[in-house]
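Chain residues, written in single-letter form:
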Amino acid sequence: MDLTKIREDYPILDRKIYGRPLVYLDNTATSQTPREVVDSIVSGYTSTKANVHRGVHTLSMEATELQEGARRKVKEFINAPSTDEIIFTRGTTEAINLVAASYGGTFLHDGDEIILSVMEHHSNIVPWQLLQRRADIRLRVIPIREDGSLDMDAYRSLFNEHTRFVTVCHASNVLGTVNPVKEIIAEAHSHGVPVLIDGAQAAPHLKIDVQDLDADFYAFSAHKMYGPAGVGVLFGKRKYLEMMPPYQGGGEMIETVSFEKTTFAELPYKFEAGTPDFIGIAALSKAIDYMQSIGIDAIAAHEHELLEYTTKRMIEEIPGVKIYGTAPGKCAIISFLVGGEHHYDMGMLLDKLGIAVRTGHHCAQPLMHSLGIEGTVRASFAVYNTIEECDLFLNALKRVSAMLM
Ligand code: PMP
């Protein structure tokens, strides 16, 4: 992997923050976007912009082909059986809301139970809680072990005759833990229960094969995988998508409309009301090309090297550091605290030294409660980060810790 060449694709990495080189370690929140993906957005607006699907003119057909080409690309990327099962959304959040509202709103009733984990992002908790306004649905929570791995024995023990749905993240945005989702799905299926996987943190780092996993639903966001913001994907098995009612009404999702009766379009359009971000969707396709041109395994191996190097040095060189999430095989995410120092103070001071890290509860307040903390500092890596940047981060962290202690 030629890191110098890779970094040239990201003009933002040349920025100075308070006169120092930017060290961008907030990749879990969003990753940066390489020039070729940005170029595709520019050319989408400067040479092919036309609304998709409705037109017979050349531009509209080109725009439609770019969007539908992206759907084929995503299908291959996650090894879905059919493009009919690929629904474009605004992101992981909308994908989960779609399933909660449409599947949950139709098939979950008073007394039913949903199993989810304590490490879920708010976007995989709140949509299920919204259902509780309509029905008396209970959330059953899988706890974690000391190292941040899921307690699989506890998971198995949560099933009973009321269990109707399971939803877990593939990888945690706080702990980095990669959950054994294949095993989780197999267990749920043995009880006849469908499973949604929140893949927001897995898609940028892991090969995803929804058929091998046997996932019923799988959601992810483009902006965390070198693509644009505002675009995401929901994969759903045809058998579920067909039985689910539309999530939103509008253009594109209908077959015929009259004031007496409206019939809905076939999959996937039934779930894609209104004009989508077709230029962003085409850019997601470019982002997948980009990741595949480097190789997802190569990206993961590089990030893993940065993770190991930084973790080891933090433990050896930063007195009082505590890392949250040490499960084997975790993603390149380091959530930590130093002594009794506040995560916010550390993040602010690191910023003054050019280091971009995230601080706070990371949209995972229930996890924070279970860890007995309010928040952490989180450093996370992407393909363009270097060992030199890890050194800059470690030196800055040493300074900041010494200053605060
Ligand atoms: N789930 C997880 C695990 C995440 O990390 C995030 C983003 N931080 C989301 C869901 C929500 O993704 P988005 O904001 O792109 O919809």
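All values derive from a computational prediction rather than experimental measurement.

Student: Would you explain the pattern of salt bridges in this entry?
Tutor: When their charged atoms lie close together, side chains carrying opposite charge are able to pair. Overall, the coordinates contain 25 salt bridges when judged by the stated rule. A salt bridge links Arg-238 to Asp-84; its shortest N-O distance comes to 3.1 Å. Here Asp-84 lies in the loop between α3 (58-77) and β4 (86-89) and Arg-238 lies in helix α9 (residues 238-243), a separation of 154 residues in the sequence. Ionic pairing is found between Arg-156 and Asp-153, a salt bridge with its closest N-O pair at 3.2 Å. Here Asp-153 and Arg-156 lie together in helix α6 (residues 152-157), a separation of three residues that amounts to about one turn. Owing to a relative accessible area of 33%, Arg-156 belongs among the partly exposed residues under this scheme. Through salt bridges that share partners, Asp-153, Arg-156, Glu-183 and Glu-187 make up one connected network.

Student: Would you explain the domain arrangement of the protein chain in this entry?
Tutor: Interface size is commonly expressed as the accessible area that is lost once the parts come together. The assigned domain composition of the protein chain is domain 1 (3-26 + 295-404) and domain 2 (48-292). Relative to domain 2, the C-alpha centre of domain 1 lies at a distance of 29 Å. Contacts between the two partners involve 34 residues from domain 1 and, on the opposite side, 27 residues from domain 2. Both faces combined, the contact of domain 1 with domain 2 buries some 2,400 Å², and carbon together with sulfur accounts for 61% of it. Per-residue buried area on domain 1 facing domain 2 is highest for Ile-296, Cys-331 and Leu-367; these three make up 26% of the total on that side. Inspection of the domain 1/domain 2 interface yields one salt bridge. The residue Lys-207 makes a salt bridge to Asp-297 at a minimum N-O spacing of 3.2 Å.

Student: In this structure, what is going on with the pairing of strand β7 (residues 163-169)? I would like to understand it.
Tutor: The two faces of the sheet receive side chains in turn, since in a regular strand these alternate between them. Here β7 lies mainly inside the structure; six of its seven residues are buried. Taken together, the four bridges between strand β5 (residues 113-117) and β7 define a ladder with parallel strand orientation. The residue bridging Ile-115 from the neighbouring strand is Val-166, located in β7. In this structure, β7 lies alongside strand β8 (residues 195-198), joined through four bridges in parallel fashion. In the sheet register, Val-166 faces β8, and the bridge partner there is Val-195. Between the parallel elements β7 and β8, the chain passes through helix α7 (residues 181-190) in a crossover that is right-handed.

Student: Any chance you could explain the state of the cysteines here in plain terms?
Tutor: A covalent bond between the sulfur atoms of two cysteines is referred to as a disulfide. Taken as a whole and assessed by the stated rule, the structure comprises zero disulfides. Cys-331 provides the cysteine sulfur closest to Cys-169, a residue in no disulfide bond, and the two sulfurs are 9.8 Å apart. When its relative accessible area of 3% is taken as the criterion, Cys-169 is described as buried. Here Cys-390 stays free of any disulfide, with the sulfur of Cys-331 as its closest cysteine sulfur at 16 Å.

What counts, and where the lines are drawn
- Residues numbered from 1 in each chain as written.
- Predicted model: local features only at pLDDT ≥ 70, side-chain atom pairs only at ≥ 80, totals over all residues.
- Heavy atoms only, no water.
- Salt bridge = Lys/Arg side-chain N within 4 Å of Asp/Glu carboxyl O.
- Helix = DSSP H or I, 4+ residues; strand = E, 2+ residues; numbered from the N terminus.
- Buried < 20%, exposed > 50% of the residue type's maximum accessible area, 1.4 Å probe, protein only.
- Domains from an automatic or database assignment.
- Contact = heavy atoms within 4.5 Å.
- Buried area = accessible area lost by both parts, 1.4 Å probe.
- Pairing = 2+ DSSP bridges.
- Right-handed = clockwise from strand over helix to strand, strands pointing away.
- Disulfide = S-S within 2.5 Å.

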